[in-house]
Amino acid sequence: MADRRGDTWKRHISEQLRMRDRVQRQAFEEIISQYNRLLEKSDMQAVLSERYQSDGPRGSQLSAADGGMRGDIQQEMSQMRIKHQEELTELHKKRGELAQNVIELNNQIQLKDKEIQRNEAKLVPCLSTQIATLEGDCRKLNTFLQDLERANQMLKDEYDALQITFSALEEKLRRTTEDNQELVSRWMAEKAQEANRLNAENEKDCRRRQAKLQKELADAAKEPLPLDPDDDIEVLAEDGGKGPGEASSPSRSLSRTPRGRSECWAKRCGLSCFQEAHDGEVNAVRFSPGSRLLATGGMDRRVKLWEVVSGHCEPKGALTGSNAGITSIEFDSAGSYLLAASNDFASRIWTVDDFRLRHTLTGHSGKVLAARFLLDNTRIVSGSYDRTLKLWDLRSKVCMKTVFAGSSCNDIVCTEQCVMSGHFDKKVRFWDIRAESIVRELELQGRVTSLDLSQERTELLTCSRDDLLKIIDLRTNTVRHTFSAPGFKCGADWTRVCFSPDSNYVVGGSADGGVYVWNVLTGKLERLLDKHHSSAINAVSWSPSGAFVLSVEKGSKAVLWSDL
C-alpha cells in the first residue's frame with residue numbers, strides 16, 4: 001500500500017514536469033530552429049572560406065575577366081557575413097533570455113522540491129501509521145484466508161464423505177423400495193385372499209341364517225301370530241262383510257305416521273334393552289332407512305348389524321375389514337350399502353345383504369372422521385383430520401376432487417348440490433360441489449361436533465363444544481332455535497345428535513350419560529333419560545318409524561329406548 005502511494009506522487013510530479021516541458025518548449029522551438037539554421041550557414045561559410053584560401057595562389061594567375069566575377073562573389077559573401085553576424089547576435093541575445101528563463105525555472109524547481117520535501121515530511125508519519133495498520137490488516141486477512149482455506153478443505157472432505165454416504169443410502173433406498181414393492185404385492189395378494197376368505201365365511205353365515213330363518217318361518221307358519229297394532233303394517237280391509245267400525249281399523253293403522261310415533265316416544269319413552277355392543281368404545285350408530293335394521297361401529301374395528309325385533313336388538317352379523325376404529329356410519333338411501341369411516345385414513349363400503357366388502361377408499365393423510373353418500377348414491381364425500389374434503393366416484397373408484405378446508409372436519413351432511421361440513425375451528429362451511437368453492441361460512445361459539453338435516457332439508461341441526469344445539473334455517477342462513485339444558489355437556493369432538501323423523505324433536509347425548517330430548521316447537525327440554533349409561537354418550541340415532549332411539553357410549557354399551 002505504501003509503495004503504491006509513493007509511486008502515485010512520483011508519477012504525479014513526473015506528469016507535472018512533462019507538462020511544464022511541453023508548455024515552455026513551444027516558446028523556444030522557433031529560436032532553436034533558427035539557431036540551427038545559422039549554425040548550418042556558419043559551417044557552410046567556414047567551408048567556403050577555407051576553399052577560397054586554398055584557391056588563393058591559383059587566383060593570382062586568373063585573367064582580368066575573372067577578377068570582376070570574384071569581386072561580385074566577395075561582395076555577396078560579405079553581405080552574407082554581415083547578415084549571419086546579425087542573426088548570430090540575435091541568437092546570442094535570445095540565448096541569454098533563455099538562460100535567464102532556465103535559471104528562473106531552476107529556481108522554481110528548487111522551490112517545488114523543497115515544498116515536496118516539506119509535504120513528504122508531513123505525510124511520512126501519517127502514511128507510516130496507515131501502512132502499519134494496513135500491514136496488520138493484511139496479516140489478519142492472510143490468517144483469515146488460511147483459516148477459510150482449511151475450513152473449505154474440511155467442508156470439502158465432509159462433502160465427499162456425505163456424497164459417499166448419500167450414494168450408499170440411495171442404493172439402500174432403491175433396494176428398500178424394491179423390497180417394499182414386493183411386500184406390497186404380497187400384502188395385496190394376502191389381503192385379496194383374506195377378503196375372499198371373509199366373503200366365503202360371510203356366505204356360509206348368510207346361508208346358515210337363511211336356513212335358520214326358513215326353519216323359523218316354517219315353524220311360525222304352523223301357528224297363527226297376533227297382529228301388533230303398534231307395528232307400521234298396512235292392513236287391507238276386505239270389500240265385503242265389514243261394517244263401518246271394522247273398516248276404520250286400517251285407517252287407524254295407516255294414521256300412525258313418524259310424527260305420531262315421535263310425539264308418542266317423547267312423551268312416554270321407556271327403556272327397551274341395553275347390552276354390550278362392542279369390545280370397547282362405541283363411536284357411531286345409524287338406523288337403516290325404511291327398516292328395523294341398524295348398525296353400530298366401535299373401536300374394535302367392526303361394524304355390527306342389529307335388527308329390532310319386539311323391542312329388542314338381535315345381532316345380524318359383523319362387517320370386517322377395517323384396520324382401525326370406526327368413526328362414522330351411513331346407509332345409502334335404499335339401505336343396500338353401508339359406508340363407514342375409520343381411523344386408518346380410509347372409508348369402506350359393504351353390501352348389507354351378504355356382508356361383503358366392496359370398496360376401500362384411501363387417499364387421506366389423517367383420520368377420516370365423517371363420510372356421507374350424496375343423494376345419487378354414486379358419489380361419496382369424506383372429511384378428515386388432515387383438513388381436506390374428498391369427493392369420490394364409486395363407479396370409477398377414484399377421488400374426483402380434493403378441497404382444502406383449512407381445519408379438521410368433524411361431520412358432513414349433503415344436499416343435491418351442496419355439502420355442509422362442521423370443523424374444529426368452530427365454523428360450518430357450505431360447499432358448492434360443482435365449483436369446488438365455499439359458498440358461505442357460519443361461525444359458532446365452539447368446535448362443531450355434529451350436523452344433521454331436517455326431513456325437508458331446509459334446516460340444519462348443529463352441536464358444538466360450547467354445549468349448545470342450534471337449528472339453522474338454510475333459506476335465511478340464520479339461527480332459528482338454540483337448545484341447552486342444565487347438566488348437558490358435549491362429551492367429545494365427535495358427539496352426534498339428530499332430528500326426529502318428523503323434525504319436531506332433537507335428541508342428543510351428554511357427557512354425564514343422559515339422553516336429552518328437546519321439543520323444536522317450544523324450544524324446551526321434553527325428556528331426560530339418565531339411568532342406564534355409565535359414561536359419556538358418543539352418538540344417538542332415531543329410527544325412521546319414530547318408535548326407537550338408540551344411544552351408544554364411550555363404554556361398550558348401547559341402549560335402545562322405545563315407547564312400547
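Please read these numbers as outputs of a predicted model, since none were measured by experiment.

Before going further, it helps to examine the overall build of the protein chain. On a plain count of helices and strands, the protein chain comes out with five helices and 28 strands. Buried residues in the protein chain amount to 36% of all 564 residues. For the protein chain, the share of sequence-separated contacts (at least 6 apart) that also reach a separation of at least 24 residues comes to 47%. A total of about 33,100 Å² of accessible surface is found on the protein chain, and carbon and sulfur atoms cover 53% of it.

The subject of this paragraph is unusual backbone geometry. Note: most residues except glycine have negative phi, and most peptide bonds are trans. Positive phi, normally seen in glycine, also occurs at F355, with a value near 60°. Looking at where F355 falls in the secondary structure, it is placed in the loop between strand 8 (346-351) and strand 9 (357-362). Unlike most non-glycine residues, D467 shows phi in positive territory, near 65°. Locating D467 in the fold gives a position in the loop between strand 19 (459-464) and strand 20 (468-473).

Our next topic: the UniProt feature "repeat: WD" (unreviewed entry) in the protein chain. Residues annotated by UniProt as "repeat: WD" (unreviewed entry) correspond here to residues 275-316, 319-360, 361-402, 497-528 and 530-564. Across residues 497-528, the secondary structure splits into 0% helix and 53% strand, with the terminal C-alpha atoms separated by 15 Å.

With that settled, the discussion passes to the pairing of strand 3 (residues 293-298). For strand 3, the buried fraction is high: six of the six residues fall into the buried class. Taken together, strand 2 (residues 282-287) and the strand that follows it, strand 3, pair antiparallel across an intervening segment of five residues, in which G290 is found at a positive phi of about 75°. Where strand 3 and strand 4 (residues 303-309) come together, five bridges link them in antiparallel fashion. Counted as the bridge partner of L294 is W306 from strand 4. What sits between the antiparallel neighbours strand 3 and strand 4 is a turn of four residues, in which R301 has the positive phi angle 70°.

Let us look at the sheet that holds strand 16 (residues 427-432). Here we have four strands laid out as an open sheet, ordered 14-15-16-17, and antiparallel in their pairing. Where the open sheet ends on each side, the last strands, each with one partner, are strand 14 (409-414) and strand 17 (437-443). Taken pair by pair, the neighbouring strands of this sheet meet at an average axis angle of 20°, ignoring direction. Note that strand 14 and strand 15 (residues 418-423) share five bridges and pair antiparallel. Looking at strand 15, one finds that I412 is bridged to S421.

With that settled, the discussion passes to the sheet that holds strand 6 (residues 326-331). Spatially, 6-7-8-9 is the arrangement adopted by the four strands of the open sheet, whose pairing is antiparallel. Sheet topology places strand 6 and strand 9 at the edges, where each strand pairs with a single neighbour. Across this sheet, the average inter-strand angle for adjacent strands is 20°, counted without regard to direction. Pairing of strand 8 with strand 9 involves five bridges; the strand directions are antiparallel. Within the sheet, the bridge partner assigned to S347 lies in strand 9 and is L361.

Let us now look at the nonpolar core. Ranked by internal contacts, the top residues of the largest apolar core, which has 15 residues, are F287, L294, V308, C313, L550 and L560. Looking at this core, the elements with two or more residues in it are strand 2, strand 4, strand 27 (548-553) and strand 28 (557-562). Residues in contact with F287, not counting those within four places in the same chain, are L293, L294, V308, F331, S541, W542, S543, P544, F548, L550 and L560.

Quick look at empty space enclosed by the protein now. A complete count under the given rule lists two cavities of 30 Å³ or more for this structure. Estimates place the volume of the largest cavity at around 140 Å³. Elements that contribute at least two residues to the lining of the largest cavity include exactly strand 12 (388-393), strand 13 (398-404) and strand 16. In terms of residue count, strand 12 provides more of the lining of the largest cavity than any other element does, three residues in total. Class assignment of the residues belonging to the lining of the largest cavity gives a composition of seven nonpolar, no polar and four charged.

Rules used in this analysis
Residues numbered from 1 in each chain as written. Predicted model: local features only at pLDDT ≥ 70, side-chain atom pairs only at ≥ 80, totals over all residues. Heavy atoms only, no water. Helix = DSSP H or I, 4+ residues; strand = E, 2+ residues; numbered from the N terminus. Buried < 20%, exposed > 50% of the residue type's maximum accessible area, 1.4 Å probe, protein only. Contact = heavy atoms within 4.5 Å. Areas by Shrake-Rupley, 256 points an atom, 1.4 Å probe, with all protein chains shown as cover. UniProt positions renumbered as here; feature names shortened; annotations may be inferred. Pairing = 2+ DSSP bridges. Axes fitted to C-alpha atoms, helices over the stretch in contact; angles between N-to-C directions. Core = buried A, V, L, I, M, F, W, Y, C linked by side-chain atoms within 4.5 Å. 1 Å grid on protein atoms, 1.4 Å probe; cavity = no way out; pocket = protein on both sides within 12 Å on 5 of 7 lines; lining within 4 Å. Points joined across faces, edges and corners; volume = space filled by probe spheres on them. Nonpolar A, V, L, I, M, F, W, Y, C, P; charged D, E, K, R; others polar.

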